[in-house]
There are 2 protein chains.
Amino acid sequence: MTTNPKNISLPPKSSRERARGLVLELQEEICNGLEALDGEGRFKEESWERPEGGGGKSRVMQEGQIFEQAGVNFSEVHGKELPPSIINQRPEAKGHAWFATGTSMVLHPLNPYHPTVHLNYRYFEAGPVWWFGGGADLTPYYPYLEDARHFHQVHKQACDAISPQLHKVFKPWCDEYFFLKHRQETRGIGGIFYDYQDGSGSLYKGQNPDSNAAAISEKLGPQPQTWEQLFALAKSCGQAFLPAYSPIIEKRRNHKFGERERNFQLYRRGRYVEFNLVWDRGTIFGLQTNGRTESILMSLPPLARWEYGYAAEPNSREALLTELFTKPQDWLTDKSLEGECLPFKAID
Amino acid sequence: MTTNPKNISLPPKSSRERARGLVLELQEEICNGLEALDGEGRFKEESWERPEGGGGKSRVMQEGQIFEQAGVNFSEVHGKELPPSIINQRPEAKGHAWFATGTSMVLHPLNPYHPTVHLNYRYFEAGPVWWFGGGADLTPYYPYLEDARHFHQVHKQACDAISPQLHKVFKPWCDEYFFLKHRQETRGIGGIFYDYQDGSGSLYKGQNPDSNAAAISEKLGPQPQTWEQLFALAKSCGQAFLPAYSPIIEKRRNHKFGERERNFQLYRRGRYVEFNLVWDRGTIFGLQTNGRTESILMSLPPLARWEYGYAAEPNSREALLTELFTKPQDWLTDKSLEGECLPFKAID
């Protein structure tokens, strides 16, 4: 699944500055949008430096009106050699100094009717190779079909603006990446995910050649992209975040919740912790390579619980989540989902 | 650090039955002791089978008087080939069917003055090789020097009953194993830890040749043990658990706590989650190889929290934990610890 560097176009001269500028702008834009959405909470910023090179700015909102905790990171780091986990995927980077910049975000709302959400857009350069990666995925607790469709629809449009083929691969890739193998569950209802996008060859450059995303990508054949197109993709998807997420918050703003809903949310947040600490390559990579722990673990929820042998009550709204909304679904096209959501008033 | 199987003695004919009997007995004895200690809570047992071979019995107490959650597992599993992570350590096991039996336990008390504790004793056979592993370690929140000393003293005696050299290696090995690299902290005040004990060569058979435990072991030279001695060691240490832990619970039973102590406990429990999901080889091995998820994750606390940028108030009792009690210490011999604990009334 690796590509020949000969097929990779040269990045523009100002590639690093432009990529840094883009992710900084996204961080700024999104934080402003989230403060407006929350109405009360404010982000506090901390700048930090990485001893091995580079640094970042971490912004955190705690105990807002909507957001129990919201973290939006920016970082720009560089080093002498990428770790083996990345070199395995990009052997051409071996022996070369590298540069990476990106923004990442996780929001943990207080109200269980408000979904947790994650976003990350990043850019790498190492010797002869460069690539973009990123995506956004939604993790509802008390789910609504309309919300899932809306989130996917907005991200599909953002991808389609660059090329109508992208979403076909990035949507299933997201389902496959954010998957808890030990629970046989997706983390949430997905969204989009892509990595190692260098404009060459097929779109799928993940680690599972037997996956659904790989098969779709194979069928589509080569999908050449320029650096400019992939830059535009990150911008388009990054800017899609607020329109994809804010309406869901607004719509569910007045949903009352009690102990039952809170308990379920905290239980499901445990799954978020499990995914991030056991399976998320970015988190594990960061922790094992001397990243800034507090910034990396900003993704963890402010409160979470575990309960041995928990099972949702049959036919409950909680069971709807664990049976329907934590399995990969064709949210935008599968009409049968409506029938399944109707009894739980989980459509609109 | 691997050993020549030629140096490994043959196990007795009934080795598997005896090892299974021992860990089952430990599970029974400890559960009975914990029910008596709790006074109200009762263990519920679930039996399970492993599709690939074997099974187990998981016992859980929830919402007891003392224990917010207590889990004590027994398992006896077998398979065709051990996973690469173990084969790397025991190449002689390659290509051979394997057998493993063990008991593991994590207790999460409600009162922050009561420490969390973990225990595990296990036995493996695979072709020409067999080995014992295990240990117990204590994780206090509001710590007491006397409690740390007591826990270590009892485990030292249990090791010394077999050989006076064992504790010299198993104590630092524990500090090194239960270490959160990304936090630069020990999980708690340690105890004992040992693995791959097959009676041959030196005592240390861990993965870090530069460690303190390795250096001490090297200095001690070969420490041959028989199967019977290592069996007796597991029994001695396993039976030491209740006398090591129960007096601490009794002594701190009437300590009142409020929101501040509970918040600190929940925050520190987050570290327990981080260790178990990021660093604990047993947990990761179980989750990645189709173990019984609910039994493996019984070790996670019923409630935990994370807080970006938390720092204990200077000179507080919380700071005593993070500055003194999450660093490796010579609890039994270092007299200077008393002076450091005195201002916090954390001696007795």
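Please refer to the structure higher up on the page.
All values derive from a computational prediction rather than experimental measurement.

Asker: Just checking my understanding: could you explain the overall build of chain A for this structure?
Answerer: Helix and strand content of chain A: eleven helices and ten strands. Scaling as 2.2 N^0.38, a compact globule of 348 residues should have a C-alpha radius of gyration of about 20 Å, and chain A matches this with 20 Å. Once the C-alpha set of chain A is aligned to its principal axes, its extents read approximately 55 × 45 × 35 Å. When burial is assessed residue by residue, chain A has 61% of its 348 residues classed as buried. Expressed as a percentage of contacts within chain A between residues at least 6 apart in sequence, the contacts between residues at least 24 apart total 71%. With an accessible surface of roughly 13800 Å², chain A has 51% of that area assigned to carbon and sulfur atoms. Counting 40 positive and 44 negative side-chain charges, chain A places the centres of these two groups 2 Å from one another.

Asker: I'm lost on the interface of chain A and chain B in this one. Help?
Answerer: By a frequent convention, interface size equals the accessible area lost on bringing the separate parts together. On the side of chain B, 33 residues touch chain A, which itself brings 33 residues to the contact. In total, chain A and chain B occlude about 2700 Å² of area from one another, counting both sides; carbon and sulfur atoms represent 60% of this. When the buried surface of chain A facing chain B is broken down by residue, A:Glu294, A:Trp306 and A:Tyr308 rank first, second and third, together holding 30% of it. Here chain A and chain B share two salt bridges between them. Close ionic contact of B:Glu294 with A:Arg183 constitutes a salt bridge, the shortest N to O distance being 2.6 Å. Here chain A and chain B share 13 residue pairs in polar contact (both at pLDDT 80 or more) between them. Broken down by secondary-structure element, the contributors of at least two residues to the side of chain A that touches chain B are strand S2 (54–62), helix H7 (259–279), helix H8 (281–288), helix H9 (293–296) and strand S10 (303–305) of chain A. At seven residues, the largest contribution of residues to the side of chain A that touches chain B is made by H7(A). Considering only residue class, the side of chain A that touches chain B consists of 18 nonpolar, eight polar and seven charged.

Asker: Just checking my understanding: could you explain the packing of helix H7 (residues 259–279) of chain B against helix H8 (residues 281–288) of chain B for this structure?
Answerer: For any two helices packed against each other, one specifies the crossing angle of their axes together with the interaxial distance. Residues and elements named next belong to chain B. One way to put it is that H7 packs onto H8 with a least axis distance of 6 Å and a crossing angle of 60 degrees. The angle between H7 and H8 falls in the class oblique. Contacts between H7 and H8 pair Asn276, Leu277, Val278 and Trp279 from the former with Arg281, Thr283, Ile284 and Leu287 from the latter. The residue makeup of the contact of H7 with H8, split by class, is five nonpolar, two polar and one charged.

Asker: Would you explain the side chain of A:Glu185 in this entry?
Answerer: Residues and elements named next belong to chain A. Along the chain, Glu185 turns up in strand S8 (residues 185–186). The exposure class of Glu185 is buried, given its relative accessible area of 9%. At a separation of 3.1 Å, a polar atom in the side chain of Glu185 contacts the side chain of Arg268. Engagement of the side chain of Glu185 in a polar contact is seen with the side chain of Arg271, the distance being 3.1 Å. Not counting residues within four places of it along the chain, the set of residues in contact with Glu185 comprises Phe178, Phe179, Leu180, Arg268, Arg271 and Thr326.

Asker: What's the story with the relation of the copies chain A and chain B in this structure? I'm lost.
Answerer: Mapping one chain copy onto the other needs a rotation about an axis and a shift along that axis. Rotating chain A by 180 degrees and translating it 0.0 Å along the rotation axis places it on chain B, where the RMSD comes to 0.0 Å. Expressed as a symmetry operation, the mapping of one chain copy onto the other fits a two-fold axis. Both copies share a contact surface, since 100% of the interface residues of chain A are interface residues in chain B too.

Asker: Help me understand the packing of aromatic side chains, please; the structure alone is not making it clear to me.
Answerer: Aromatic rings considered in pairs are described by the distance between their centres and by the relative angle of their planes. Residues and elements named next belong to chain A. Summed over all chains, the structure comprises 47 aromatic pairs over all chains. The interplanar angle of 35 degrees and the centroid separation of 5.2 Å between the aromatic rings of Tyr113 and Tyr142 together place this pair among those described as tilted. Of this pair, Tyr113 sits in the loop between strand S4 (98–109) and strand S5 (116–126) while Tyr142 sits in the loop between strand S6 (129–139) and helix H3 (145–160), and the two are 29 residues apart along the sequence. On the accessibility criterion, Tyr113 (12% relative accessible area) is buried. Summarising the aromatic geometry, the rings of Tyr123 and Trp227 are spaced 5.8 Å apart at their centres and angled 85 degrees between planes, so their arrangement reads as edge-to-face.

Asker: What exactly am I supposed to notice about the pairing of strand S1 (residues 44–49) of chain B here?
Answerer: Side-chain positions along a regular strand alternate between the two faces of the sheet. Residues and elements named next belong to chain B. Where S1 and strand S2 (residues 54–62) come together, six bridges link them in antiparallel fashion. Following the sheet pairing, Trp48 is matched in S2 by Gly56. Here S1 hands over to S2 after four residues, with Gly53 in that stretch at a positive phi of 135 degrees.

Asker: Just to check I follow, could you spell out the nonpolar core for this structure?
Answerer: What tends to happen in soluble globular proteins is that the nonpolar side chains get buried as a cluster. Counting 195 residues, the largest nonpolar core has A:Leu34, A:Phe170, A:Phe241, B:Leu34, B:Phe170 and B:Phe241 as its most contacted members. Residues in contact with A:Leu34, not counting those within four places in the same chain, are A:Phe43, A:Met61, A:Phe67, A:Val72, A:Met105, A:Leu107, A:Phe241 and A:Leu242.

Asker: Is there a simple way to think about the sheet that holds strand S3 (residues 67–79) of chain A in this case?
Answerer: Two strands in a sheet stick together by hydrogen bonds in their backbones, pointing the same way (parallel) or opposite ways (antiparallel). Residue and element names in this part refer to chain A. Within the open sheet, the seven strands sit side by side as S1-S2-S3-S4-S5-S6-S9. Their pairing is antiparallel. The open sheet has two edge strands with one neighbour each: strand S1 (44–49) and strand S9 (190–197). Going across the sheet, the axis of each strand differs from the next one's by a mean of 5 degrees, ignoring polarity. Of the strand pairs in this sheet, S2 and S3 are connected by nine bridges, and their pairing is antiparallel. What sits directly across from Gly54, in S3, is Val77. Each of S5, S6 and S9 is contacted by H3, which is oriented at about 30 degrees to S9, the strand it contacts most. On top of the sheet, helix H4 (residues 166–177) reaches S6 and S9; it is set at about 100 degrees to S9, its chief contact.

Asker: How should I be thinking about the sheet that holds S1(B) in this particular structure?
Answerer: Residues and elements named next belong to chain B. Spatially, S1-S2-S3-S4-S5-S6-S9 is the arrangement adopted by the seven strands of the open sheet, whose pairing is antiparallel. Bordering the open sheet on either side are S1 and strand S9 (190–197), each of which pairs with just one other strand. Averaged over all pairs of adjacent strands, the angle between their axes in this sheet comes to 5 degrees, without regard to strand direction. Bridge count for strand S4 (residues 98–109) against strand S5 (residues 116–126) is ten bridges, and the pairing is antiparallel. By the bridge assignment for S5, Thr101 is matched with Tyr123. Helix-sheet contacts for helix H6 (residues 227–251) involve strand S3 (67–79), S4, S5, strand S6 (129–139) and S9, and the interaxial angle to S6 is about 15 degrees.

Definitions and cut-offs
Residues numbered from 1 in each chain as written. Chains lettered and ligands numbered in written order. Predicted model: local features only at pLDDT ≥ 70, side-chain atom pairs only at ≥ 80, totals over all residues. Heavy atoms only, no water. Helix = DSSP H or I, 4+ residues; strand = E, 2+ residues; numbered from the N terminus. Rg over C-alpha atoms; globule rule 2.2 N^0.38 Å. Buried < 20%, exposed > 50% of the residue type's maximum accessible area, 1.4 Å probe, protein only. Contact = heavy atoms within 4.5 Å. Areas by Shrake-Rupley, 256 points an atom, 1.4 Å probe, with all protein chains shown as cover. Lys, Arg positive; Asp, Glu negative; His and termini not counted. Charge placed at Lys NZ, Arg CZ, Asp CG, Glu CD. Buried area = accessible area lost by both parts, 1.4 Å probe. Salt bridge = Lys/Arg side-chain N within 4 Å of Asp/Glu carboxyl O. Polar contact = N/O pair within 3.5 Å; in protein donor to acceptor, adjacent residues only side chain to side chain. Nonpolar A, V, L, I, M, F, W, Y, C, P; charged D, E, K, R; others polar. Axes fitted to C-alpha atoms, helices over the stretch in contact; angles between N-to-C directions. Parallel < 35°, antiparallel > 145°, perpendicular 65-115°, else oblique. Least-squares fit on C-alpha atoms with pLDDT ≥ 70 in both. Phe/Tyr/Trp six-rings, centres within 6.5 Å; stacked < 30°, edge-to-face > 60°. Pairing = 2+ DSSP bridges. Core = buried A, V, L, I, M, F, W, Y, C linked by side-chain atoms within 4.5 Å.

This is a description of form; function is not addressed.
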